[in-house]
Amino acid sequence: MTASAANGFGEVQFAPTGRSCTNIPYNFHSMYSTSSEDTRVPWTAHSYNIAFSDETGHFSYCNKAAPGSLKCAQAGVSDPNGADGDDTSCFNASQSLSVPISGCQGTEFDFDGVPYEDTWPGTFTNAGQDALRHPSSILFTSPLTMAITTTALALRPTFLASRTKRRRHASGTSRTPTRARAA
Amino acid sequence: MNFAFITRSGIPQAPPNPVESTVATETPNPSQDLFMNSGDHLTVSLHDGTSGLVVVMRTSPLTRWGR
C-alpha cells in the first residue's frame, strides 16, 4: 500500500476556530534519509524512526456486551466487583473474526485486563504447559537498508505518554530509553 | 492519524484519513485484508515511492502477500 492521496491519505486543514474539518489529500513521504538509535521524532507519542511497535493492554473479559453502547453489560472474571469505567468497545463472542471470546478493547486505565496477568510466554515454570497455554513471542530481525543490516537499535517504552498510573505488573517498566546493541 | 489495514490489493478498504474515515476503516475485512497466523514468517518492505511511502508484506515461504 502506498500512503498516497490517491489512496485516501491526507492531513487535516488547520482551522482553530472552524466548526468542521477538511481533509487535504497528501502523499506521505519519508522525512529522513538516515537514522540512528538516537533519532527522535519529537511531536509523536512514539519516537518513531525505523520502528516496530506492538501495543498491548486492550483486552478485558466481559461476559456480555451491550450492542448499542459497546459497554460491558455483564462483567467478566477480570472484574469481580462489576464492570468499570474502562470497559469500553466491548464485543460479544459471536462478533469475533477469529477466537470467539467476549471482551472489551478499550484503553486500559486500571490494568486489570488479560495482558496484565500471567498470560505471557515464560510465565509458567512447566515449559510444556507454558507452550500449551501461551502464545510464543514475536521475533523480528534487524532492519535492512539496501541489504545492509543496522548495527544498533534502541528500545523505548511510551509509558509516559499512554499511562496515568501503574499497577503491579507495570512496575518494572522504565520511562527512559533502554538501549541494546545488536551484534 | 491516518489508519489502514494492509490489503491484498494495495487499495484501502475505506478512507484512511481522519476526516473521511468510517467504521469500515478500522474493521478488519477478511475478504480484503492480509490476515496472518501464529508462526508466520514475514518479510516487510518499506520504501519511499513517487506517490508516497510504500509498504509491502510477504509471508515466507511466499503463500500470501499484501501491500
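Every value quoted in this text rests on a predicted model; they were computed, and no experiment measured them. What you see as residue numbers is a count from 1 along each chain, following the sequence as written. Written order determines the labels here, with chains lettered from A and ligands numbered from 1. Predicted model: local features are reported for residues with pLDDT of at least 70 only, side-chain atom pairs are reported and counted for 80 or more only, and whole-chain, interface and lining totals are derived from all residues. Note: side-chain values were computed over all heavy atoms of the structure, leaving out hydrogens and water.

By the convention used here, residues are in contact when the closest approach between their heavy atoms is within 4.5 Å. Each side of the interface is counted separately: chain B has 24 residues, and chain A has 17 residues. Buried area, as used here, totals the accessible surface that two parts lose on assembly, with accessibility defined by a 1.4 Å probe and the loss added over both. Summed over both sides, the interface between chain B and chain A buries roughly 1,600 Å², with carbon and sulfur atoms accounting for 58% of that surface. Of all residues in chain B, the largest losses of buried area upon contact with chain A belong to Val19(B), Ser51(B) and Leu53(B), amounting jointly to 30% of the total for that side. For this analysis, a salt bridge means a side-chain nitrogen from Lys or Arg found within 4 Å of a carboxyl oxygen belonging to Asp or Glu. There are 0 salt bridges connecting chain B and chain A. Polar contact criterion, stated in full: a pair of N or O atoms within 3.5 Å, where within protein one must be able to donate a hydrogen and the other to accept it, and residues adjacent in sequence count only if both atoms are side-chain atoms. Counting the contacts that link chain B with chain A gives 7 residue pairs in polar contact (both at pLDDT 80 or more). With 4 residues, strand 2 (residues 52-59) of chain B is the largest single contributor of residues to the side of chain B that touches chain A. Of the residues assigned to the side of chain B that touches chain A, the class counts are 13 nonpolar, 8 polar and 3 charged. The numbering of helices and of strands both runs from the N terminus, where a helix is a DSSP run of H or I of at least 4 residues and a strand a run of E of at least 2. Residue type decides the class: Asp, Glu, Lys and Arg count as charged, Ala, Val, Leu, Ile, Met, Phe, Trp, Tyr, Cys and Pro as nonpolar, and the leftover types, Gly among them, as polar.

This brings us to the sheet that holds strand 3 (residues 65-66) of chain B. Residue and element names in this part refer to chain B. We treat two strands as partners when DSSP finds at least two bridges between them. One open sheet holds the 3 strands; their spatial order is 1-2-3, and the pairing between them is antiparallel. Either end of the sheet is taken by a strand with one partner, and the two such strands are strand 1 (42-49) and strand 3. In this sheet, strand 2 lies alongside strand 1 in antiparallel orientation, the contact comprising 8 bridges. By the bridge assignment, Thr43 is partnered in strand 2 with Arg58.

Attention now moves to the state of the cysteines. Residues and elements named next belong to chain A. Sulfur atoms of two cysteines make up a disulfide when they are within 2.5 Å. Following the criterion strictly, the structure yields 2 disulfides over all chains and no others. In this model, Cys62 is linked to Cys72 through a disulfide, with the two sulfur atoms separated by 2.2 Å. On the sign convention where negative means left-handed, the S-S torsion of about 105 degrees between Cys62 and Cys72 marks this disulfide as right-handed. Residue Cys62 is located in strand 3 (residues 60-65), and its partner Cys72 is located in strand 4 (residues 72-75); the two are separated by 10 residues in the primary sequence. Exposure is judged per residue with a 1.4 Å probe applied to protein chains only, and the accessible area is read against the type maximum: over 50% gives exposed, under 20% gives buried, and values in between give partly exposed. When its relative accessible area of 3% is taken as the criterion, Cys62 is described as buried.

This part covers unusual backbone geometry. All names here are of chain A. With a phi angle near 60 degrees, Leu70 is a residue other than glycine that sits in the positive phi range. Within the secondary structure layout, Leu70 lies in the loop between strand 3 and strand 4. Given a relative accessible area of 30%, Leu70 falls into the partly exposed group. Backbone geometry places Ser89, a non-glycine residue, at a positive phi of 50 degrees. Relative to the assigned elements, Ser89 resides in the loop between strand 4 and strand 5 (90-91).

Next up on the list: the side chain of Asn7(A). Within the secondary structure layout, Asn7(A) lies in the segment before strand 1 (10-12). What Asn7(A) contacts, discounting residues up to four positions off in sequence, is Met1(A), Thr2(A), Gly10(B), Ile11(B), Pro12(B) and Pro16(B).

The next thing to look at is the nonpolar core. By nonpolar core we mean a set of buried residues, namely Ala, Val, Leu, Ile, Met, Phe, Trp, Tyr and Cys, connected to one another through side-chain atoms within 4.5 Å. Judged by nonpolar contacts, Cys62(A), Ala65(A), Cys72(A), Cys90(A) and Cys104(A) together constitute the single largest core of 5 residues. In this view, Cys62(A) contacts Cys72(A), Ala73(A), Gln74(A), Ala75(A), Gly76(A), Ser102(A), Gly103(A) and Cys104(A); residues no more than four positions away in its chain are not counted.

Honestly, it's all geometry; don't read function into it.
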